[in-house]
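Coordinate analysis (summary)
Residues per chain, in single letters:
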Amino acid sequence: MSDDALRSLVISQWLLGTQEAFVIAHTDCGMLTFTNEQLRQKLADEAGAKAGAIDFLPFSDVDESVRASIQTMRESPLLPDSFAASGFVYDVGAGRLREVAVPSAVGGG
């Protein structure tokens, strides 16, 4: 989960009263197709641009990405322990949404 996404979620919770979030990723995601270093090199080679330490937030496992986003929410001191989050992956081939198992929090945010 990006800092921007967490910032938006904190604003939504504290100013708008949001009590729950759903993280929904999808199969065949383009973010699965590269690493930070590959994209940095492509930018350097083809555009002459230096991306430095920018994290483009690629990932290699959709389910794990969903779990990590939920864990970020659970661990954030900016969200109350009562804030709920669930994760899902949309399978674009099958047209189905499936829930991602996320271990229960220990301690909370």
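To keep things clear, this report deals only with the structure shown in the data block.

Scoring rules and cut-offs
- The residue numbering used here restarts from 1 in each chain and proceeds along that chain's sequence as written.
- Per-residue local features of the predicted model are confined to residues with pLDDT of at least 70, and side-chain atom pairs are confined, for both listing and counting, to 80 or more; whole-chain, interface and lining totals are unaffected and use all residues.
- Hydrogens are left out, water is left out, and the side-chain values use all remaining heavy atoms of the structure.
- The numbering of helices and of strands both runs from the N terminus, where a helix is a DSSP run of H or I of at least 4 residues and a strand a run of E of at least 2.
- Accessibility here uses a 1.4 Å probe with only protein chains present; expressed as a share of the type maximum, an area under 20% marks a residue as buried, one over 50% as exposed, and anything in between as partly exposed.
- Residue contacts are counted whenever heavy atoms from the two residues lie within 4.5 Å of one another.
- Put simply, two rings from Phe, Tyr or Trp (the six-membered ring, in Trp's case) pair if the centres are within 6.5 Å, and we call them stacked under 30 degrees between planes, edge-to-face over 60, tilted for the rest.
- Residues forming no salt bridge and having over 30% relative accessible area are the ones grouped into patches, like charges within 9 Å of each other and nonpolar side chains (Val, Leu, Ile, Met, Phe, Trp, Tyr) within 5 Å.
- Note on areas: Shrake-Rupley with a 1.4 Å probe; residue coverage comes only from the protein chains shown.
- Here, a salt bridge means any side-chain nitrogen of Lys or Arg that lies within 4 Å of a carboxyl oxygen of Asp or Glu.
- The rule for pairing is simple: two strands pair if DSSP sees at least two bridges between them.
- To get an axis, fit a line to the C-alpha atoms, keeping to the stretch in contact for a helix; angles then go from 0 to 180 degrees between the N-to-C directions.
- Every helix has an expected span of 1.5 Å times one less than the residues it contains.

Moving on to the side chain of S69. As for its position among the elements, S69 is in helix α3 (residues 62–75). Judged by its relative accessible area of 9%, S69 falls in the buried class. Contact partners of S69, with chain neighbours within four places excluded, come to M1 and V23.

Turning next to the packing of aromatic side chains. Counted under the stated rule, the structure contains one aromatic pair. Geometrically, the ring pair formed by F22 and F88 is tilted, given 5.9 Å between the ring centres and 50 degrees between the ring planes. Residue F22 is located in strand β1 (residues 20–26), and its partner F88 is located in strand β2 (residues 84–91); the two are separated by 66 residues in the primary sequence.

Position of L43 relative to the elements: it lies in helix α2 (residues 36–47). Look at L43 and you get partly exposed, because its relative accessible area is 27%. Along the backbone, L43 and V89 are 46 residues apart, and their C-alpha atoms lie at a distance of 30 Å. Those residues in contact with L43 that lie beyond four places of it in its chain are G48, A49, A51 and F56.

Our focus in this paragraph is a nonpolar patch on the surface. A cluster of nonpolar residues, F22, I24, Y90, V92 and L97, forms a patch on the protein surface that exposes about 480 Å² of accessible area. You can see I24 is positioned in strand β1.

By definition, the strands of a sheet pair up through backbone hydrogen bonds, in either a parallel or an antiparallel sense. In space, the three strands of this open sheet follow the order β1-β2-β3, with mixed pairing throughout. Whereas interior strands pair on both sides, the edge strands pair on one side only; in this sheet they are β1 and β3 (96–99). Taking the axes of each pair of neighbouring strands and ignoring which way they run, one obtains an average angle of 30 degrees across the sheet. Pairing of β1 with β2, which is carried by seven bridges, proceeds in the parallel orientation. From the neighbouring strand, I24 faces β2, where its bridge partner is F88.

An α-helical turn contains 3.6 residues, so any two residues separated by three or four positions project in the same direction. If you check α2, its first and last C-alpha atoms are 16 Å apart, about what twelve residues at 1.5 Å a residue would give, namely 16 Å. Looking one or two residues past α2, G48 carries a phi angle of roughly 65 degrees, positive in sign.

What is shown is where atoms sit, not what they do.
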